[in-house]
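Descriptive analysis of the structure
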Protein chains: 2
Amino acid sequence: MPSYTPPLRDMQFVLHEVLHVTDELKQMPKHVDMDADTIAAVLEEGGKFASEVIFPLNQVGDQQGCTLNRDTHEVKTPDGFKAAYDQYVQGGWPALSADPEYGGQGLPVVVNQCFYEMLNSANQAWTMYPGLTHGAYEALHAHGTDAQKALYLPKLTSGEWTGTMCLTEPHCGTDLGLLRTKAEPQADGTYRITGNKIFISAGEHDMVSNIVHLVLARLPDAPAGSKGISLFVVPKFHIHADGSVGERNGIYCGGLEHKMGIHGNATCQMVLDGAVGTLVGQPNKGLAAMFVMMNAARVGVGMQSLGLTEVAYQNAVAYAKDRIQSRSLTGAKDPSKPADSILVHPDVRKMLLTARAYAEGGRALALHCALLIDRELNHPDETVRAESAEQVALLTPIVKAFITDNAWTATSSCMQVFGGHGFIREWGMEQYVRDARINMIYEGTNTIQSLDLLGRKVLGNQGASLKKFGRHIAELVAETQGDEDMAEFINPLAKLGQQMTQFTGEIGYKAMENADEVGAAAVDYLRVAGHLVFGYFWARMAQVALQKIAEGNRDPFYQAKLQTARFYFAKLFPETASLILTARAGSAVLMETEAVFV
Amino acid sequence: MPSYTPPLRDMQFVLHEVLHVTDELKQMPKHVDMDADTIAAVLEEGGKFASEVIFPLNQVGDQQGCTLNRDTHEVKTPDGFKAAYDQYVQGGWPALSADPEYGGQGLPVVVNQCFYEMLNSANQAWTMYPGLTHGAYEALHAHGTDAQKALYLPKLTSGEWTGTMCLTEPHCGTDLGLLRTKAEPQADGTYRITGNKIFISAGEHDMVSNIVHLVLARLPDAPAGSKGISLFVVPKFHIHADGSVGERNGIYCGGLEHKMGIHGNATCQMVLDGAVGTLVGQPNKGLAAMFVMMNAARVGVGMQSLGLTEVAYQNAVAYAKDRIQSRSLTGAKDPSKPADSILVHPDVRKMLLTARAYAEGGRALALHCALLIDRELNHPDETVRAESAEQVALLTPIVKAFITDNAWTATSSCMQVFGGHGFIREWGMEQYVRDARINMIYEGTNTIQSLDLLGRKVLGNQGASLKKFGRHIAELVAETQGDEDMAEFINPLAKLGQQMTQFTGEIGYKAMENADEVGAAAVDYLRVAGHLVFGYFWARMAQVALQKIAEGNRDPFYQAKLQTARFYFAKLFPETASLILTARAGSAVLMETEAVFV
């Protein structure tokens, strides 16, 4: 049976020693009173909820899955899921970062993301029920009418109701322009919506009294393609004007998917049969409104994989310490026992350090991005808000794709540490691998993320957003000039920064001739960008650790941070050498393959 | 539902156009009559059996798994497994490459490996039932007494009985020196064996009338560690001297594991409670006898992953052709449809070509290795036999680890091509990923393979075996001197050969100071060696294709081969650049991590 300990110390390190969040938050009137003690108290309680209430339900959720009653269209979640959700609501957790106007506690996004990392470590499948609600909340908060906000936001904030995103259809996932679900306007200003949706996470379940579906559909006179899509809010049960819940609406679960992982979450085929909904935002502008949900969801997916990386790492280290097998290549390390702990083997350490470096690098990046969202939402200076939004846009595909690809590597490495036991269900490791796999696919596949990064966020503005991130690196390089202890981190980082500039220019140039050059390079490019960003944060973290050690601080935490930074730069960061070669190899070897794909 | 077409054309290409197997086999008296028509006929029939009989059982096997009756200790395999096995026996397939002295057909190993690739594409879990028999057969054939051979080999050859390898115990997998199962000598020359084994594939099932367990155990006076292990043969049912089957022996299944994949194969906890067995080979020399099984099993695991890579590729290509979604970045390619096939997207092609290049490169390597085994066994010249054995020893860890790591990448890429559908069980893709995962673990984890390669097979003889493989490369380089069309393959290959020589010397030198340098570099080293070997075969295959094209051959097969070779050298082979960097980064960043692993 796996175990989980919330990584509160490491979160505090990133929040306060790397990002200095309280200084940042003090600049925002909404968060001016947010102090370190409050944050620590929230995270400690949040960590208890995650580790004590929902972590014990992770394996049972995987084994039981969800079941659909085909007569009533009701979905039963695994044993204990509803009771845990009730506790979640009673504890006020759904309201953590929600708007106080609708009953929220108004805490910063950066604090809520720490909480979500812990929830995801504990139980990704369970966490998707409240997690999806955030997207629906954001879309309604940004684009809903006052009446829609008044009707839905208080219940989503309290957690009495949950939300969904109904986008995908059998014939369209990535390409939403193909969607067919129809919305017919009614005399009373509502719409009757008909169509079939698939892959709807938390689309139906038994944990709440109502479910708020955000549905993409076409109006009768809509233009073809993605410019003819509108967004609607469609409740499972009709809601009277006074907020009371009425009869069942015409939206129901027609089937559940059997999946590789996240078995505890209900992945529903949703049938809309003249379901009544109201328009959210402008007609035919649904994709823009949807992207409010989607961008939040993409950062959320990064948090899912960060959580899985952390919990897989914790369990693999514990196993490696405990498992004795063979002797060190340099001679017995524990002659009193019949064999040494497998921690004596270099490759076991490499597998563990890979997961650790990815978890801690991912945490720094994800919380940096979350703090930028707080600045985007609440900074008093409009320029800061705009620049923060630009950086969030740049980093979102990296958070989504780089962290989820890394988690696939990391959870698999942690499973490998267990040898044959890793393949056995009861140890819990293979579930982390299976659960992690979906994160590379949903909310835009990682290929889509890479095209978003390279095509839109980098080449779309001639690298301007990337250059702004590059300024952080330039500042760090300048600041550490002549610092010999920092050279092993700064030199490769500075070199990659230069390579990246040249490399981006090259691809941009080639892309003017042939747009396929973007598609051919994008996935490699995103991984290089990911290492640039991780490299920056690892160098920053090493800098903090070196300063503490220089001050005489004996806490092994700082030594560990430094050792992990050295590992990262020596063993993971050099992946960029090959990635740059393969990205530069161009599109012809991919596209001039007509004989392969006859 | 996935589909599978035996890749007979590509097998013929490797067998005849790359390896020239009939010329090679003609040199072996045993195989002097083996002609291309016979091989083709066997593979065609074998492919039919694989695709028509056992492929349809792959998904049902995954969904049903095996069940243990705790009262009778009997294991029920999934529906259809036994009937398919009966057909396998009736078709004479178990005897394909077995010794005619015991009823075998005496076909070359290289033909049998082609058949096993197809069986594994069709259904890895099912294939493990007959597959494990090979190991038991080999161990008894090499080390059994005449009486043991007479008793067991005819029934294993006919397939009436199956075999197992009972090695692992709860506290020892990699380190068999720790094993505790005891064997007490009896007055009649037999032994009574008591202990607990785990992870015993095909340890108990309902497909045959008897199961032949090869069991590692300790004699009462055995020295501690791996020098005190003996090998025993222990039948499920006692066998009378006349060969008739008697009462139940004291070996039974105490539990079944619930696993990530290969659900259709029974992974058994085996309890030996005074089970009667006989000694195989010399007392305390069991590990040597066991390695006869193990080396065959390691090549077999490579074939498992080769099979999974091939079938995953076939299905992903079919899906990609069929699925329309978005437009090409260079403009609509099929304006008559609402979107283009996803084959227009460079990264989709990259994912597919990755799987294809790994499948075809893996097939060339695996069949080269199989032909070397035929030479080792049957070549009249003792020097050739010895040199072949040396090359088999060198290549076995590469076949096992490189092909299985590649299959993990390839099956996951093929699943990714399906987008969200890839995560759904009914499409069958996620099963390939789950099944492929065990291949990196069992029969010696891939880390163990890398230590075997670098420590024993390369540094153990100062690189002599590797240099012998290098001669093939040198010959090809010399042969293609000045051939401009070959330069794009030969130049990187020759460069890597030089790097490898230097790199091997460097590690050897560092290892004399610190043995952990071997452990720190070994996994990266094996992947570099894998690309060296794949690079050699891809260059050879490109050479054949270029010759055919130059001769005016219009078969798109050769164009496809050439295009895939170009892809391989441009997009996969450059991984070696990073691997050499990380391998050179040394052991200190891994081992000087005491603060991380407090």
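Residues numbered from 1 in each chain as written. Chains lettered and ligands numbered in written order. Predicted model: local features only at pLDDT ≥ 70, side-chain atom pairs only at ≥ 80, totals over all residues. Heavy atoms only, no water.

Taking an unreviewed UniProt entry as the reference, chain A is identified by name as 3-methylmercaptopropionyl-CoA dehydrogenase belonging to Limnohabitans curvus. Recorded in UniProt for chain A, the comment headed Sequence similarities (unreviewed entry) runs: "Belongs to the acyl-CoA dehydrogenase family." According to the UniProt record, the Cofactor (unreviewed entry) comment for chain A is "FAD". (UniProt positions renumbered as here; feature names shortened; annotations may be inferred.)

Describing the relation of the copies chain A and chain B
When chain A is fitted onto chain B, the two copies agree to an RMSD of 0.0 Å after a turn of 180 degrees and an axial shift of 0.0 Å. Here the copies are linked by what is in effect a two-fold axis. Among all residues of chain A, the one whose C-alpha sits closest to the rotation axis is A:S578, at a distance of 2.7 Å. Both copies share a contact surface, since 100% of the interface residues of chain A are interface residues in chain B too. (Least-squares fit on C-alpha atoms with pLDDT ≥ 70 in both. Contact = heavy atoms within 4.5 Å.)

Structural notes on the interface of chain A and chain B
Taken together, the contact between chain A and chain B spans 95 residues of the former and 95 residues of the latter. Together chain A and chain B conceal approximately 7,700 Å² of surface at their shared face, both sides included; 63% is due to carbon and sulfur atoms. When residues of chain A are sorted by the area they lose upon contact with chain B, A:F423, A:K571 and A:F597 head the list and together hold 10% of the total. For the interface between chain A and chain B, the tally reads 47 residue pairs in polar contact (both at pLDDT 80 or more). Counting residues per element, the side of chain A that touches chain B draws most heavily on helix α16 (residues 556-572) of chain A, at nine residues. Of the residues belonging to the side of chain A that touches chain B, the class tally is 47 nonpolar, 27 polar and 21 charged. (Buried area = accessible area lost by both parts, 1.4 Å probe. Polar contact = N/O pair within 3.5 Å; in protein donor to acceptor, adjacent residues only side chain to side chain. Helix = DSSP H or I, 4+ residues; strand = E, 2+ residues; numbered from the N terminus. Nonpolar A, V, L, I, M, F, W, Y, C, P; charged D, E, K, R; others polar.)

Brief notes about the UniProt feature "domain: Acetyl-CoA dehydrogenase-like C-terminal" (unreviewed entry) in chain A
According to UniProt, the "domain: Acetyl-CoA dehydrogenase-like C-terminal" (unreviewed entry) feature falls on residues 474-593 of chain A. The annotated region residues 474-593 of chain A carries 85% helix and 0% strand content, and the separation between its end C-alpha atoms amounts to 42 Å.

Quick word on the packing of helix α5 (residues 81-90) of chain A against helix α6 (residues 109-143) of chain A
Residue and element names in this part refer to chain A. Here α5 crosses α6 at 125 degrees, and the two axes come no closer than 11 Å. Taken together, the axis directions place α5 and α6 in an arrangement best described as oblique. Every pair of crossing elements has a handedness; the one defined by α5 and α6 is left-handed. Side by side, α5 and α6 meet where F81, A84, Y85 and Y88 of the first sit next to F115, Y116, L119, N123, A125, W126, Y129 and P130 of the second. When grouped by side-chain class, the residues that make up the contact of α5 with α6 number 11 nonpolar, one polar and no charged. (Axes fitted to C-alpha atoms, helices over the stretch in contact; angles between N-to-C directions. Parallel < 35°, antiparallel > 145°, perpendicular 65-115°, else oblique. Left-handed = near helix turned anticlockwise from the far one by under 90°.)

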